[in-house]
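Chain residues, written in single-letter form:
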Amino acid sequence: EGMALPQRIFPPEKISMDWQQRQRPGAGLCNLGSTCYINVILQCLTYTPPLANYLLSHEHSQSCQQQGFCMMCTMEAHVRKVLCSSASAILPGAVLRDLKFIGEEFEYGRQENAYEFLRCTLNAMHRACLSCHLDVSSQETTIVYQIFGGFMKSRVTCLSCQAVVDSYKAFLDVSLDIRVRASSLTTVLEDCVTPKQLDQKECFRCSKCKKKAAASKKVTVHRAPRVLTLCLERADQWTGTKISKFVEYPEYLDLRPYMSDTAGEPLLCSLYAIVVHSGDTCLEGHFLCYAKASNGLWYKMDDESVDNCDIHTVLGQQAYLLFYAR
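Going by what an unreviewed UniProt entry lists, the protein is known as UBP42 hydrolase and is assigned to Ploceus nigricollis.

**Q** Would you explain helix α9 (residues 185-192) in this entry?
**A** In an α-helix, one turn spans 3.6 residues, which is why side chains three or four residues apart end up on the same side. Among the residues of α9, those classed as buried are Leu-185, Thr-187, Val-188 and Leu-189. Lining the buried residues of α9 we find β5 (174-177), β8 (227-233), β9 (252-254) and β14 (319-325).

**Q** Before we go on, may I ask you to explain the packing of aromatic side chains in this structure?
**A** Two numbers describe a pair of aromatic rings. These are the distance of the centres and the angle of the planes. The full count for this structure, using the stated rule, is six aromatic pairs. Ring plane angle 20° and centroid distance 5.3 Å describe the contact between Phe-69 and Phe-101, whose orientation is recorded as stacked. Pair noted here: Phe-69 is in the loop between α3 (59-63) and α4 (71-84) and Phe-101 is in helix α6 (residues 99-102), with a separation of 32 residues, a long-range link. With a centroid separation of 5.4 Å and an interplanar angle of 65°, the aromatic rings of Phe-106 and Phe-117 are classed as edge-to-face. A residue pair is termed long-range when its members are at least 10 positions apart, and Phe-106 in the loop between α6 and α7 (114-129) and Phe-117 in helix α7 qualify at eleven residues. Residue Phe-117 is classed as buried on the basis of its relative accessible area, which comes to 0%.

**Q** Sorry, what's going on with the nonpolar core here?
**A** As a rule of thumb, soluble globular proteins bury nonpolar side chains together. Counting residues in hydrophobic clusters, the biggest one holds 65 residues, and the most contacted among them are Ile-41, Met-72, Phe-117, Val-144, Phe-148, Val-275 and Leu-321. Per-element accounting of this core gives the leading share, ten residues, to α7. In contact with Ile-41, not counting residues within four places along its chain, are Ala-114, Phe-117, Leu-118, Val-275 and Leu-321. Formed by 35 residues, the second largest nonpolar core is a distinct cluster that contains Val-193, Tyr-249, Tyr-258 and Tyr-290.

**Q** Where do I start with the pairing of strand β13 (residues 305-309) in this structure?
**A** The two faces of the sheet receive side chains in turn, since in a regular strand these alternate between them. Relative to β13, strand β12 (residues 298-302) runs antiparallel, the two being bridged by five bridges. In the strand pairing of β13, Lys-300 is matched with Asp-307. From the end of β12 to the start of β13, which pair antiparallel, there are two residues, and Asp-303 there has a positive phi angle of about 55°.

**Q** Teacher, can you tell me more about the packing of helix α1 (residues 36-46) against α4 here?
**A** For any two helices packed against each other, the geometry comes down to the angle between their axes and how far apart the axes lie. Running from N to C, α1 and α4 point in directions that differ by 80°, and their axes come no closer than 10 Å. On the basis of the axis angle, α1 is roughly perpendicular to α4. Taking contact as the criterion, the partners of Leu-42, Gln-43, Leu-45 and Thr-46 in α1 are, on α4, Met-75, His-78, Val-79, Val-82 and Leu-83. Of the residues assigned to the contact of α1 with α4, the class counts are six nonpolar, three polar and no charged.

**Q** Looking at this model, I keep getting lost on unusual backbone geometry. Mind explaining?
**A** Leaving glycine out, the prevailing phi sign among residues is negative, and the prevailing peptide bond configuration is trans. The phi dihedral of Gln-162 is positive, around 70°, even though this residue is not glycine. Along the chain, Gln-162 turns up in the loop between β3 (150-158) and β4 (164-171). Even without being a glycine, Asp-303 presents a positive backbone phi close to 55°. Tracing the chain through its elements places Asp-303 in the loop between β12 and β13.

**Q** Got a minute to help me understand the side chain of Gln-111 in this structure?
**A** Here Gln-111 lies in the loop between α6 and α7. The exposure class of Gln-111 is buried, given its relative accessible area of 18%. A distance of 2.9 Å separates a polar side-chain atom of Gln-111 from the backbone oxygen of Gly-285. Setting aside its immediate chain neighbours within four residues, Gln-111 contacts Ser-34, Cys-36, Tyr-37, Leu-283, Glu-284, Gly-285, His-286 and Phe-287.

**Q** Teacher, can you tell me more about the pairing of β12 here?
**A** Pairing between strand β11 (residues 286-292) and β12: four bridges, direction antiparallel. Residue Ala-291 lies in a different strand from β12, and its bridge partner there is Tyr-299. Count of turn residues in the β11/β12 antiparallel hairpin: five residues, of which Gly-296 carries a positive phi of about 85°.

**Q** Help me understand the sheet that holds β4 in this model?
**A** The strand order across the open sheet formed by four strands is β4-β3-β7-β6, and the pairing between neighbours is antiparallel. Of all strands in the sheet, those bounded by a partner on one side alone are β4 and β6 (196-197). In terms of strand pairing, β6 meets strand β7 (residues 215-223) through two bridges, oriented antiparallel. Across the sheet, Gln-197 pairs through a bridge with Ser-216, a residue of β7.

**Q** Just checking my understanding: could you explain the pattern of salt bridges for this structure?
**A** Note on pairing: side chains with opposite charge can pair once their charged atoms come close. Taken as a whole and assessed by the stated rule, the structure comprises eight salt bridges. Between Lys-14 and Glu-59 there is a salt bridge whose closest N-O contact spans 2.7 Å. Placement of the pair is Lys-14 in the segment before β1 (28-29) and Glu-59 in helix α3, with a sequence separation of 45 residues. Note on Lys-14: relative accessible area 46%, which makes it partly exposed. Between Asp-166 and Lys-153 there is a salt bridge, and its shortest N-O distance comes to 3.7 Å. Note that Asp-166 is positioned in strand β4 and Lys-153 in strand β3, a separation of 13 residues in sequence. Since its relative accessible area comes to 13%, Lys-153 is described here as buried. Several salt bridges share partner residues, and in doing so they unite Glu-107, Arg-110 and Glu-112 into one network.

Quick notes on the rules
All residue numbers refer to position in the chain's written sequence, counted from 1. Per-residue local features of the predicted model are confined to residues with pLDDT of at least 70, and side-chain atom pairs are confined, for both listing and counting, to 80 or more; whole-chain, interface and lining totals are unaffected and use all residues. Excluding hydrogens and water, the side-chain values take into account all heavy atoms of the structure. A 1.4 Å probe rolled over the protein chains alone gives each residue an accessible area, and that area as a share of the maximum for its type sets the label: buried under 20%, exposed over 50%, partly exposed in between. Labels follow the DSSP assignment, with helices taken as runs of H or I lasting at least four residues and strands as runs of E lasting at least two, numbered in each case from the N terminus. Contacts were defined at the residue level, with two residues in contact if any of their heavy atoms lie within 4.5 Å. When two rings of Phe, Tyr or Trp (its six-membered ring) have centres within 6.5 Å they constitute a pair, described as stacked for plane angles under 30 degrees, edge-to-face for angles over 60, and tilted for the intermediate range. In these notes, a set of buried Ala, Val, Leu, Ile, Met, Phe, Trp, Tyr and Cys residues joined through side-chain atoms within 4.5 Å is what counts as a nonpolar core. Two strands are counted as paired when DSSP detects at least two bridges linking them. Axes, fitted as lines to C-alpha atoms, cover a helix only where it is in contact. Angles between the N-to-C directions of the axes lie from 0 to 180 degrees. The scheme is simple: roughly parallel for angles under 35 degrees, roughly antiparallel for over 145, roughly perpendicular for 65 to 115, oblique for anything else. Under the scheme applied, nonpolar residues are Ala, Val, Leu, Ile, Met, Phe, Trp, Tyr, Cys and Pro; charged residues are Asp, Glu, Lys and Arg; polar residues are all the others, including Gly. For the purposes of these results, a polar contact is taken to be a pair of N or O atoms within 3.5 Å, where, inside protein, one atom must be able to donate a hydrogen and its partner to accept one; residues adjacent in sequence count only when each atom of the pair is a side-chain atom. Salt bridge, as applied in this entry: a Lys or Arg side-chain nitrogen positioned within 4 Å of an Asp or Glu carboxyl oxygen.

Spelled out as structure tokens, the structure:
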């Protein structure tokens, strides 16, 4: 497809998108003071079917030879504890104890950003899967990249001679600017794939007409991930204030219109978890999440409490993070 062939580490045919075990939701997570940003990400990952299936199989821990901290082993033990515990709430002690190994910027007892914790957690899991220390943005097909990883295609077109230059970049999540034309998620995504003329500061030298020229750039999803993670940017990068507007998002999302190849069958994804932030600024406040358990029902997960809710409640939230599964 124009991309370099990644090294094969984890066979994709072993990934199951459907829950292997169906049961009631697991335990809530205790908040030890400003740890809600950790709790919501742990819960969303726990209810990610292909990841939970893999972790519950013990496949990683049975072959892990890593000395000391291993994020995959930590997550394996955590997911098992949450889903198999008879307690109403448990303490994610191992994660809190090894917080500095997940991300150097995290400090126990201080409110942090849930999106940054998600990114650091996925990268820590990815590193744990690699047999050697490669750059975390590499195209190695670990279980983490097989589930959450996709590829973006960037096409730059010379507006003088129409020559095109394609480049590809792996991603584990997609961050979306909701300041402009942000009434709905589909509107935001349509804006993302609309060609835009490059700023004059972004000098483009065309390899065909051998001169600096005006150019346009179009970014599309070239290879869709099995699990699409979207961040609706709610911190204004200029003022730091929170963007509190409601952005409508669907229960089922068709990725086909935003792909490099827009022809073919619909590429449907189903919403299974969201993270919500309440508070006046992004540097304070509280995080909670909504997740669909293996029994097919939705639950509001607010630290220790896990309560039934319906899809209408879920779709009516001021979402910060959205998790869709193919």
